[in-house]
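Fold and geometry: a report
The primary structure of each chain is shown beneath.
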Amino acid sequence: MIRESLFRAGRRCLPALLLLFATAPGILSAQDRFVVRPEPGTSVVALEVLVATGPADETPEQAGLAYLTARVAVAPIRRTLDALGAHLTVQAHKDALGFTLTAAPDAWMEASRTLLVALFRDPADSLSMIRERAALRAELIGREASPADALARDVDAAVFGGEHPWRRPAAGYSTTVEKLTLSDVDGFIRTYLVPERTVAVVVGPVDPSGAREHVGAFLRGAPWQAPRVPAPEPLDSPIRQEYNSITTWVAASYPFSAEVDAEAVRLVGMLAAEELSFGPSRRSVYNAHSEVVRRPGGGELRVHIVVPPREVDAWTGRIGEAVSRFADRKLSDAVFRERLRRFRGVRLRELDTPEARAQAAARELFVGTGAEGSLVDALDELDAEQVLAAARALRSPTLVVLGPFLDDD
Amino acid sequence: MLSLFLTLAAGTAAADTASPPSRPADAAAGMVAVHRQPAIPIVALRMSVLADDPPGYAGAGHLVQHLVLPTLREQVRRVGGDVQITRGADAVVYTVVGPASELDYLAGVLRSTLRPPQLTEAQLVAAQRELRDERNAEWETAAGHVRALLRARLFPEDLSPAGTPASAERFTPEVVRSVWARMYQPERVAVIAVGDVQVGRVQEAFSRLPDPSGGGYREAMADTVPAAPPVSPEATRGWVGLGYSASDADPAALTVVARLLRDHLRERLPSASVEVEHWWTRQGQGLAVVVAAQPAGLAAARRTTGAAVGALTSTLNEERVRAAAAAVRRDMLFYARRPDRMADVVGQFVDRQGDANAAQRFYAEVERVDEAEVRAVLARLADRTPVAVDVPPQRLPNR
């Protein structure tokens with residue numbers, strides 16, 4: 001049996017979650033939604049555009065419409081961007097579509113103009129629609145067969161509740177995407193791919209005023225349209241889902257509020273994952289890792305492990321222990337310094353490209369903490385007290401176990 | 001002051017180069033170059049040791065890298081850093097990336113790799129196994145097979161960095177230590193630092209390198225490589241490789257030609273995979289064309305590839321040259337957007353030409369390449385017979 005005592009019922013944190021997710025980011029004016037970070041010495045310019053739309057603006061039958069729309073919108077400009085030596089990636093988040101453009105300093109203005117025109121002014125193109133729908137459907141069929149993807153879907157369903165739009169994958173399902181039409185995409189572009197829902201960050205060797213003038217022209221005067229996302233209704237935890245695999249996948253999701261130091265939570269997650277990872281005394285753990293997702297109003301720490309089915313109960317309990325031990329007592333100074341030294345290096349390296357820095361800054365802007373805040377400052381100010389406070393501020397986890405359950409035989 | 005090509009694009013920041021006193025007694029690195037990137041407080045340190053493997057001991061430099069890698073990785077991990085090892089045709093290279101505040105620590109870790117390796121038989125066996133796997137991996141796929149054969153024919157003196165089966169048998173702990181003692185000399189060490197660091201601090205960090213312990217390997221021997229390469233790999237597509245020796249070509253113009261040829265072939269062979277690479281080491285320069293096509297289109301792909309130099313010459317114009325040169329420069333900037341990659345680009349030029357300004361010069365020269373220079377390179381290529389490699393597609397049973 002899973003040790004449920006370690007995982008208090010998720011319903012207890014519902015009032016707090018209602019507050020977390022029902023509110024929109026506190027960004028209002030167009031000026032506040034666009035930041036330029038000049039970086040002399042960086043070789044390319046990165047532009048991150050986040051448009052606040054996603055599953056919350058789709059019906060269940062339209063799952064994947066936001067992501068398909070994003071791909072259809074940029075498909076016609078790919079050749080132009082190639083010719084400029086620019087690189088564009090599109091990502092579907094639960095709460096936003098992310099467009100990451102990287103270009104040489106002599107090409108970034110033309111490349112970014114091309115992107116922003118395609119996003120905000122061009123109509124949907126029928127040929128792109130047919131191609132992108134087929135490509136996305138094929139990708140989703142591959143993804144849906146993966147146990148990692150299945151676990152993510154089940155965790156989302158458990159964390160957000162059966163009817164919540166974020167329970168659905170941001171990229172949709174192969175079965176819903178194949179039914180989407182050009183009319184769906186065209187309507188979505190006009191309604192939701194709009195400057196009123198956009199935040200943008202430019203990072204790189206740019207003239208700040210020129211960059212502000214250039215990108216700001218696409219956002220100017222557009223008042224912020226706060227997307228409305230219903231409050232989640234987490235399911236009772238733990239949730240056990242039968243899945244045909246030879247390993248068992250376990251995830252624990254710990255919500256936290258906007259006041260909690262996200263870097264301290266990240267450090268707790270990293271240390272917990274290290275305690276669960278394969279090692280001399282943990283030979284049966286195939287994989288363990290953690291991630292922190294920031295959203296307006298707070299965020300979520302997820303810890304995942306992959307273990308043999310026969311050991312799932314023991315390891316499920318150990319996830320809780322690995323996290324809760326940091327809430328029990330403060331790390332000693334020596335241990336904290338040693339852990340922080342490593343964590344700091346890992347976090348800084350995650351920002352080693354201009355596009356990673358643009359993405360991080362845009363996310364901060366989007367969640368309302370402001371892109372001007374420096375990760376370096378946050379890391380340098382981190383202390384053992386904050387880690388203790390962050391671990392204690394984590395709310396009851398939602399727990400999902402996916403795999404064969406041998407004890408049911 | 002050195003204004004690297006990356007800062008040329010940015011137009012503001014600059015890099016510094018320092019060649020510290022090179023008296024042997026100082027045991028300082030032969031060259032220290034710093035490119036300041038204050039955007040994020042991390043630093044990439046690329047340390048290269050310019051050295052050929054001694055005759056008969058091919059793979060020695062890379063073997064030493066594999067021996068020190070586990071310790072290196074563990075040490076760098078303590079500060080959340082990352083480490084890479086590469087053995088190029090010109091140098092043994094270690095690159096570490098980590099917080100700029102850990103510069104002294106990271107530099108110390110790098111310096112420790114220069115000492116004669118302390119190793120056991122078991123460690124040696126493990127490292128040799130890794131080298132053998134690398135040697136085999138070069139021939140494992142059709143893409144690797146074609147490139148390995150082209151390299152062997154264009155640069156016969158340039159053996160695999162992973163050595164040869166014969167040289168592998170000569171390594172014992174004692175031999176490895178003595179061979180490394182011969183290869184390592186402080187003045188052959190070049191350090192490129194990219195990140196939020198000052199040149200003075202980096203120079204200081206590499207001002208006292210371990211003393212070379214002298215000595216040397218027992219006797220020079222001949223490196224022997226198998227006369228025949230391994231059998232062709234099983235591939236579902238047919239692979240065509242053409243290699244042009246081009247050591248006498250202007251490097252910037254040759255790079256632009258590689259780009260033009262690639263674009264030309266991709267346009268004419270839309271269903272094939274096409275790569276055209278400019279190979280440039282101290283051994284010389286070459287142009288490698290690697291094309292993979294489905295069996296039905298293989299004959300056409302062979303013809304188009306063989307005629308590509310002539311066809312490109314007849315369609316060339318100044319506008320296409322300008323576009324190709326701009327694309328090369330933008331690709332360089334994009335590749336170098338991470339500190340370790342920028343250190344790699346700058347470091348490769350330093351290893352090859354011994355000049356910290358070489359990367360900057362090359363970047364500027366690419367912009368100046370014109371149609372006449374490209375035509376001159378194409379004429380040279382058209383005048384010589386390329387080495388050719390062919391990997392036929394396997395015959396699949398009817399289903």
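Since the structure is predicted, the reported quantities are computational estimates derived from the model, not experimental observations.

The next subject is the overall build of chain A. Broken down by element type, chain A carries 15 helices and 10 strands. A compact globule built from 409 residues would reach a C-alpha radius of gyration of about 22 Å, and chain A, at 22 Å, matches this within 12%. Along the three orthogonal principal directions, the C-alpha set of chain A runs to about 55 × 50 × 40 Å. Looking at chain A as a whole, 51% of its 409 residues are labelled buried. In chain A, the proportion of contacts linking residues at least 24 apart, taken out of those at least 6 apart, comes to 83%.

The subject of this paragraph is the sheet that holds strand E3 (residues 87-92) of chain A. Residues and elements named next belong to chain A. The five strands lie next to each other as E1-E5-E2-E4-E3, forming an open sheet whose pairing is mixed. Among the strands making up the open sheet, the edge pair consists of strand E1 (34-38) and E3. Averaged over all adjacent pairs, the angle separating strand axes in this sheet is 10 degrees, with direction ignored. Both E1 and strand E5 (residues 198-204) contribute to a ladder of five bridges, which runs parallel. Among the inter-strand pairings, Val36 is bridged to a residue of E5, identified as Val202.

On to the domain arrangement of chain B, then. Residues and elements named next belong to chain B. When cut into domains, chain B gives domain 1 (5-205) and domain 2 (238-391). A C-alpha centroid distance of 27 Å is found between domain 1 and domain 2. Residue-level contacts link 38 residues of domain 1 with 32 residues of domain 2. Broken down by secondary-structure element, the contributors of at least two residues to the side of domain 1 that touches domain 2 are helix H1 (5-10), strand E2 (31-36), strand E3 (42-50), strand E5 (91-99), helix H5 (142-154) and strand E6 (189-195).

On to the domain arrangement of chain A. Residue and element names in this part refer to chain A. For chain A, the domain assignment lists domain 1 (25-219) and domain 2 (236-408). The interface of domain 1 with domain 2 comprises 31 residues on the first partner and 26 residues on the second. Those elements that place two or more of their residues in the side of domain 1 that touches domain 2 are E1, strand E2 (45-51), strand E4 (97-103), helix H6 (147-160) and E5. Among the elements that take part in the side of domain 1 that touches domain 2, H6 stands out by supplying seven residues, more than any other. Tallied by class, the residues present in the side of domain 1 that touches domain 2 amount to 19 nonpolar, six polar and six charged.

Next up on the list: the interface of chain A and chain B. Facing the 27 residues of chain A at the interface are 33 residues of chain B. Considering every element that reaches the side of chain A that touches chain B, the biggest residue donor is helix H12 (residues 333-349) of chain A, with eight residues.

Let us now look at the pairing of E3(B). All names here are of chain B. Of all nine residues that make up E3, nine are buried, and the element is covered over most of its length. Residues of E3 alternate between two faces, with Ile42, Ala44, Arg46, Ser48 and Leu50 on one and Val43, Leu45, Met47 and Val49 on the opposite face, all of them buried. Examined bridge by bridge, E3 and E5 share nine bridges and lie antiparallel to one another. Each residue of the ladder has a partner; that of Met47, found in E5, is Tyr94.

This brings us to the sheet that holds strand E10 (residues 387-391) of chain B. All names here are of chain B. Across the sheet, four strands lie side by side as E8-E9-E7-E10; this open sheet has antiparallel pairing. The sheet terminates laterally at strand E8 (273-281) and E10, the two strands that pair on one side only. This sheet shows a mean twist of 15 degrees between the axes of neighbouring strands, independent of strand direction. The pairing of strand E7 (residues 238-245) with strand E9 (residues 284-293) spans eight bridges and is classified as antiparallel. Bridge assignment links Gly243 to a residue of E9, and that residue is Ala288.

All names here are of chain A. Turning to helix H8 (residues 182-192), its buried residues are Val185, Phe188, Ile189 and Tyr192. Axial view of H8: buried residues confined to an arc of 110 degrees, hence all on one face. Seen from the buried face of H8, the exposed residues on the opposite side, beyond 90 degrees, are Ser183, Arg190 and Thr191. Elements in contact with the buried residues of H8: helix H2 (65-74) and helix H5 (126-144).

Bringing the nonpolar core into the picture now. Grouped together as the largest cluster of nonpolar side chains are 196 residues, with contacts concentrated most on A:Ala103, B:Leu45, B:Val191, B:Val256, B:Val257 and B:Val291. The element best represented in this core is helix H9 (residues 251-268) of chain B, accounting for nine residues. Beyond its immediate chain neighbours, meaning those up to four positions away, B:Val191 contacts B:Ala29, B:Met31, B:Val32, B:Leu45, B:Met47, B:Val202 and B:Phe206. Within the second largest apolar cluster, 47 residues are counted, among which are A:Ala262, A:Ala288, A:Ile305 and A:Ala322.

Quick look at the pairing of E5(A) now. Residues and elements named next belong to chain A. Counting buried positions along E5 yields seven of seven residues, so the element is predominantly enclosed. Residues of E5 alternate between two faces, with Thr198, Ala200, Val202 and Gly204 on one and Val199, Val201 and Val203 on the opposite face, all of them buried. Relative to E5, E2 runs antiparallel, the two being bridged by six bridges. In the sheet register, Ala46 faces E5, and the bridge partner there is Val203.

Residues and elements named next belong to chain A. It is the contact of helix H10 (residues 262-276) with helix H15 (residues 384-393), at a shortest axis distance of 8 Å, that shows an interaxial angle of 80 degrees. Taken as axis vectors, H10 and H15 run roughly perpendicular relative to one another. Judged by residue contacts, Ala264, Val265, Leu267 and Val268 of H10 engage Gln386, Val387, Ala390 and Ala391 from H15. Classifying every residue of the contact of H10 with H15 gives seven nonpolar, one polar and no charged.

Atomic detail in the predicted coordinates should be set aside for any region of low pLDDT. Per-residue confidence for chain A averages 88 on the pLDDT scale, and 91% of its residues sit at or above 70. Overall, residues 1-26 of chain A carries pLDDT values under 50, and its contacts beyond four positions in sequence, including any with other chains, amount to 59 contacts.

A word on the packing of H9(B) against helix H15 (residues 371-383) of chain B. Residue and element names in this part refer to chain B. One way to put it is that H9 packs onto H15 with a least axis distance of 9 Å and a crossing angle of 80 degrees. Overall, the two elements H9 and H15 adopt an arrangement that is roughly perpendicular. Counting all contacts with H9, which are made through Ala253, Leu254, Val256, Val257 and Leu260, the residues of H15 involved are Glu373, Val374, Val377 and Leu378. Along the lines of polarity and charge, the residues of the contact of H9 with H15 split into eight nonpolar, no polar and one charged.

Here the focus is the confidence of the model for chain B. Residues and elements named next belong to chain B. This prediction gives chain B a mean pLDDT of 88; 89% of its residues lie at or above 70. Across chain B, the element-wise mean pLDDT spans from 39 in H1 up to 98 in H9. Scored below 50 in pLDDT, residues 1-15 shows 52 contacts in the model against residues more than four places distant or in partner chains. Across residues 18-25, confidence stays below pLDDT 50; counting only partners more than four residues off in sequence or on other chains, it has 14 contacts. For this predicted complex, the interface confidence score (ipTM) comes to 0.86, while the overall pTM stands at 0.88.

All names here are of chain B. Relative to the helices and strands, Gln394 is located in the segment after E10. For Gln394, a count of 14 C-beta atoms within 10 Å translates into the label partly exposed. Each C-alpha atom, one on Gln394 and one on Ala235, is 5.7 Å from the other, the two residues being 159 residues apart in sequence. When sequence neighbours within four positions are dropped, the list of residues in contact with Gln394 reads Glu234, Ala235 and Thr236.

What counts as what
- Residues numbered from 1 in each chain as written.
- Chains lettered and ligands numbered in written order.
- Predicted model: local features only at pLDDT ≥ 70, side-chain atom pairs only at ≥ 80, totals over all residues.
- Helix = DSSP H or I, 4+ residues; strand = E, 2+ residues; numbered from the N terminus.
- Rg over C-alpha atoms; globule rule 2.2 N^0.38 Å.
- Buried ≥ 20, exposed ≤ 12 C-beta atoms within 10 Å, placed from the backbone.
- Contact = placed C-beta atoms within 7 Å.
- Pairing = 2+ DSSP bridges.
- Axes fitted to C-alpha atoms, helices over the stretch in contact; angles between N-to-C directions.
- Domains from an automatic or database assignment.
- Nonpolar A, V, L, I, M, F, W, Y, C, P; charged D, E, K, R; others polar.
- Arc of directions from axis to C-beta.
- Core = buried A, V, L, I, M, F, W, Y, C linked by C-beta atoms within 7 Å.
- Parallel < 35°, antiparallel > 145°, perpendicular 65-115°, else oblique.
- pLDDT = per-residue confidence, 0-100.

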